[in-house]
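# Structural overview for review
Here is what each chain is made of, one letter per residue.
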Amino acid sequence: MTEASSTPLSPESLPSKASPADHLANERTLLAWIRTGIGIIAFGFAVVKFSLFVHQLSLAVGNRLPPPRGYSAGIGIALVGLGTLTILLAYQRYRRTEQQLKSGTYATSPILLQLLIALIALVGVALLVYLISTT
(Lines give C-alpha, C1' and ligand atoms only; values in the text may rest on other atoms or scores of the structure.)
Protein backbone atom coordinates (compact mmCIF):
# COMPACT_ATOMS: atom_id res chain seq x y z
CA MET A 1 0.00 0.00 0.00
CA THR A 2 1.35 3.37 -0.88
CA GLU A 3 1.38 6.28 1.46
CA ALA A 4 -0.77 8.32 -0.92
CA SER A 5 -3.67 5.87 -0.56
CA SER A 6 -3.86 6.35 3.19
CA THR A 7 -3.58 10.13 3.36
CA PRO A 8 -6.41 12.54 2.61
CA LEU A 9 -6.30 14.18 -0.77
CA SER A 10 -5.72 17.88 -0.81
CA PRO A 11 -8.72 20.06 -1.58
CA GLU A 12 -6.95 21.36 -4.69
CA SER A 13 -6.79 17.87 -6.20
CA LEU A 14 -10.51 17.22 -5.74
CA PRO A 15 -13.35 18.90 -7.53
CA SER A 16 -15.20 21.31 -5.28
CA LYS A 17 -18.27 19.14 -5.58
CA ALA A 18 -18.41 15.39 -6.12
CA SER A 19 -20.01 14.37 -9.38
CA PRO A 20 -23.12 12.18 -9.56
CA ALA A 21 -20.85 9.40 -10.87
CA ASP A 22 -18.93 9.48 -7.57
CA HIS A 23 -22.12 9.06 -5.55
CA LEU A 24 -23.38 6.30 -7.84
CA ALA A 25 -20.04 4.49 -7.54
CA ASN A 26 -20.36 4.72 -3.75
CA GLU A 27 -23.85 3.17 -3.96
CA ARG A 28 -22.59 0.38 -6.26
CA THR A 29 -19.84 -0.38 -3.77
CA LEU A 30 -22.40 -0.57 -0.95
CA LEU A 31 -24.54 -2.95 -2.99
CA ALA A 32 -21.51 -5.15 -3.72
CA TRP A 33 -20.73 -5.33 0.01
CA ILE A 34 -24.37 -6.19 0.73
CA ARG A 35 -24.23 -9.02 -1.83
CA THR A 36 -21.05 -10.27 -0.17
CA GLY A 37 -22.71 -10.15 3.25
CA ILE A 38 -25.79 -12.00 1.98
CA GLY A 39 -23.56 -14.66 0.42
CA ILE A 40 -21.71 -15.17 3.72
CA ILE A 41 -25.03 -15.35 5.60
CA ALA A 42 -26.41 -17.90 3.10
CA PHE A 43 -23.28 -20.04 3.42
CA GLY A 44 -23.51 -19.92 7.22
CA PHE A 45 -27.18 -20.85 7.07
CA ALA A 46 -26.36 -23.82 4.81
CA VAL A 47 -23.64 -25.00 7.21
CA VAL A 48 -26.03 -24.83 10.18
CA LYS A 49 -28.79 -26.63 8.27
CA PHE A 50 -26.36 -29.33 7.14
CA SER A 51 -25.35 -29.84 10.77
CA LEU A 52 -29.02 -30.19 11.71
CA PHE A 53 -29.55 -32.62 8.82
CA VAL A 54 -26.66 -34.83 9.96
CA HIS A 55 -28.02 -34.81 13.51
CA GLN A 56 -31.53 -35.77 12.29
CA LEU A 57 -30.05 -38.48 10.06
CA SER A 58 -28.19 -39.87 13.05
CA LEU A 59 -31.43 -40.07 15.03
CA ALA A 60 -33.28 -41.65 12.09
CA VAL A 61 -30.79 -44.51 11.71
CA GLY A 62 -30.73 -45.22 15.42
CA ASN A 63 -27.48 -43.46 16.37
CA ARG A 64 -25.37 -45.78 14.21
CA LEU A 65 -23.44 -42.81 12.87
CA PRO A 66 -20.47 -41.43 14.76
CA PRO A 67 -21.54 -38.65 17.11
CA PRO A 68 -21.30 -35.18 15.57
CA ARG A 69 -18.66 -32.94 17.09
CA GLY A 70 -20.85 -29.87 16.95
CA TYR A 71 -18.35 -27.51 15.33
CA SER A 72 -20.28 -26.97 12.12
CA ALA A 73 -23.25 -25.37 13.88
CA GLY A 74 -20.93 -22.92 15.65
CA ILE A 75 -19.06 -22.15 12.45
CA GLY A 76 -22.34 -21.61 10.59
CA ILE A 77 -23.61 -19.26 13.28
CA ALA A 78 -20.28 -17.40 13.16
CA LEU A 79 -20.65 -17.03 9.39
CA VAL A 80 -24.16 -15.61 9.76
CA GLY A 81 -22.80 -13.13 12.29
CA LEU A 82 -19.89 -12.27 10.02
CA GLY A 83 -22.24 -11.63 7.11
CA THR A 84 -24.42 -9.40 9.25
CA LEU A 85 -21.36 -7.51 10.51
CA THR A 86 -20.19 -7.09 6.91
CA ILE A 87 -23.47 -5.45 5.94
CA LEU A 88 -23.45 -3.13 8.96
CA LEU A 89 -19.84 -2.08 8.41
CA ALA A 90 -20.52 -1.57 4.70
CA TYR A 91 -23.36 0.80 5.51
CA GLN A 92 -21.15 2.72 7.94
CA ARG A 93 -18.46 2.97 5.26
CA TYR A 94 -21.03 4.13 2.70
CA ARG A 95 -22.24 6.92 5.01
CA ARG A 96 -18.69 8.06 5.80
CA THR A 97 -17.73 8.07 2.12
CA GLU A 98 -20.91 9.96 1.23
CA GLN A 99 -20.07 12.66 3.80
CA GLN A 100 -16.50 12.87 2.53
CA LEU A 101 -17.67 13.19 -1.07
CA LYS A 102 -20.05 16.00 -0.11
CA SER A 103 -17.35 17.88 1.79
CA GLY A 104 -14.60 17.22 -0.77
CA THR A 105 -12.30 15.55 1.77
CA TYR A 106 -12.29 11.95 0.58
CA ALA A 107 -9.63 9.67 2.13
CA THR A 108 -9.41 5.95 1.45
CA SER A 109 -9.72 3.49 4.31
CA PRO A 110 -9.03 -0.20 3.69
CA ILE A 111 -10.00 -1.26 7.24
CA LEU A 112 -13.29 -2.94 6.25
CA LEU A 113 -11.60 -5.01 3.58
CA GLN A 114 -8.72 -5.98 5.87
CA LEU A 115 -11.08 -6.91 8.70
CA LEU A 116 -13.31 -8.96 6.44
CA ILE A 117 -10.37 -10.81 4.88
CA ALA A 118 -8.93 -11.63 8.31
CA LEU A 119 -12.26 -12.92 9.65
CA ILE A 120 -13.06 -14.99 6.56
CA ALA A 121 -9.55 -16.45 6.59
CA LEU A 122 -10.02 -17.36 10.27
CA VAL A 123 -13.34 -19.08 9.55
CA GLY A 124 -11.78 -20.82 6.54
CA VAL A 125 -8.95 -22.19 8.68
CA ALA A 126 -11.50 -23.35 11.27
CA LEU A 127 -13.48 -25.14 8.56
CA LEU A 128 -10.30 -26.70 7.17
CA VAL A 129 -9.25 -27.99 10.59
CA TYR A 130 -12.76 -29.31 11.17
CA LEU A 131 -12.87 -31.12 7.82
CA ILE A 132 -9.42 -32.63 8.29
CA SER A 133 -10.24 -33.81 11.82
CA THR A 134 -13.53 -35.44 10.77
CA THR A 135 -12.30 -37.36 7.73
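Residues numbered from 1 in each chain as written. Predicted model: local features only at pLDDT ≥ 70, side-chain atom pairs only at ≥ 80, totals over all residues. Heavy atoms only, no water.

## Examining the overall build of the chain
Convention followed: Segments assigned H or I by DSSP are reported as helices when at least four residues long, segments assigned E as strands when at least two residues long, and all are numbered from the N terminus. Any pair of residues with heavy atoms lying within 4.5 Å of one another is described as a contacting pair. Where accessible areas are quoted, they stem from the Shrake-Rupley method and a 1.4 Å probe; at the residue level, only the protein chains shown are allowed to cover.
Counting secondary structure elements, the chain contains three helices and zero strands. In the chain, the order of α-helices and β-strands from amino to carboxyl end is α-α-α. Here the contacts in the chain between residues at least 6 apart in sequence split such that 82% fall between residues at least 24 apart. Summed over its atoms, the accessible surface of the chain is roughly 9100 Å², and 71% of this surface lies on carbon and sulfur atoms.

## Quick notes on the packing of helix H1 (residues 20-60) against helix H2 (residues 71-103)
Angle between the axes and distance between the axes are the two parameters that describe a pair of packed helices. To keep it simple, the criterion reads: Here an axis means a line fitted to C-alpha atoms, over the contact stretch when the element is a helix, while the angle between two N-to-C directions is reported on a 0 to 180 degree scale. For this classification, under 35 degrees means roughly parallel, over 145 means roughly antiparallel, 65 to 115 means roughly perpendicular, and everything else is oblique. Note that Gly is not counted as nonpolar here; it falls among the polar residues with everything else outside the nonpolar set of Ala, Val, Leu, Ile, Met, Phe, Trp, Tyr, Cys and Pro and the charged set of Asp, Glu, Lys and Arg.
Contact pair H1 / H2: the axes reach a minimum separation of 7 Å and the direction vectors enclose 170 degrees. When the interaxial angle is binned, H1 and H2 end up roughly antiparallel. Here the residues of the contact of H1 with H2 are counted per class, giving 20 nonpolar, 11 polar and five charged.

## What to know about helix H3 (residues 111-134)
Selection criterion: Expected span of a helix, by definition, is 1.5 Å for each gap between consecutive residues, and there is one gap fewer than residues. For each residue, the accessible area found with a 1.4 Å probe, counting protein chains only, is set against the maximum for its type, and the residue is called buried under 20%, exposed over 50%, and partly exposed in between.
Between the first and last C-alpha of H3 there are 35 Å, a value that for 24 residues agrees with the 34 Å anticipated at 1.5 Å per step. Turning to H3, its buried residues are Leu112, Leu116, Val123, Leu127 and Tyr130. Packed against the buried residues of H3 are H1 and H2.

## What to know about the confidence of the model for the chain
In plain terms, the rule: Predictor confidence is given residue by residue as pLDDT, running from a minimum of 0 to a maximum of 100.
Confidence in the prediction for the chain averages 81 pLDDT; 81% of positions are at 70 or higher. When mean pLDDT is compared element by element in the chain, H2 scores highest at 90, while H3 scores lowest at 82.

## Overview of empty space enclosed by the protein
To keep things clear, this is the line we draw: In this analysis, the protein atoms alone were mapped onto a 1 Å grid. Cavities are point sets where a 1.4 Å probe fits without being able to get out; pockets are open sets with protein on both sides within 12 Å along at least five of seven lines; lining residues have an atom within 4 Å of a point. Grid points are joined across faces, edges and corners, and a volume is the space filled by probe spheres set on the points.
Applying the stated criterion across every chain yields a total of one cavity of 30 Å³ or more. Considered as a void within the structure, the largest cavity measures approximately 30 Å³ in volume. In this structure, the largest cavity is lined by Leu82, Leu85, Thr86, Leu89, Leu112, Leu115, Leu116 and Leu119. Counting only elements with at least two residues in the lining of the largest cavity, the list comes to H2 and H3. Here the residues of the lining of the largest cavity are counted per class, giving seven nonpolar, one polar and no charged.

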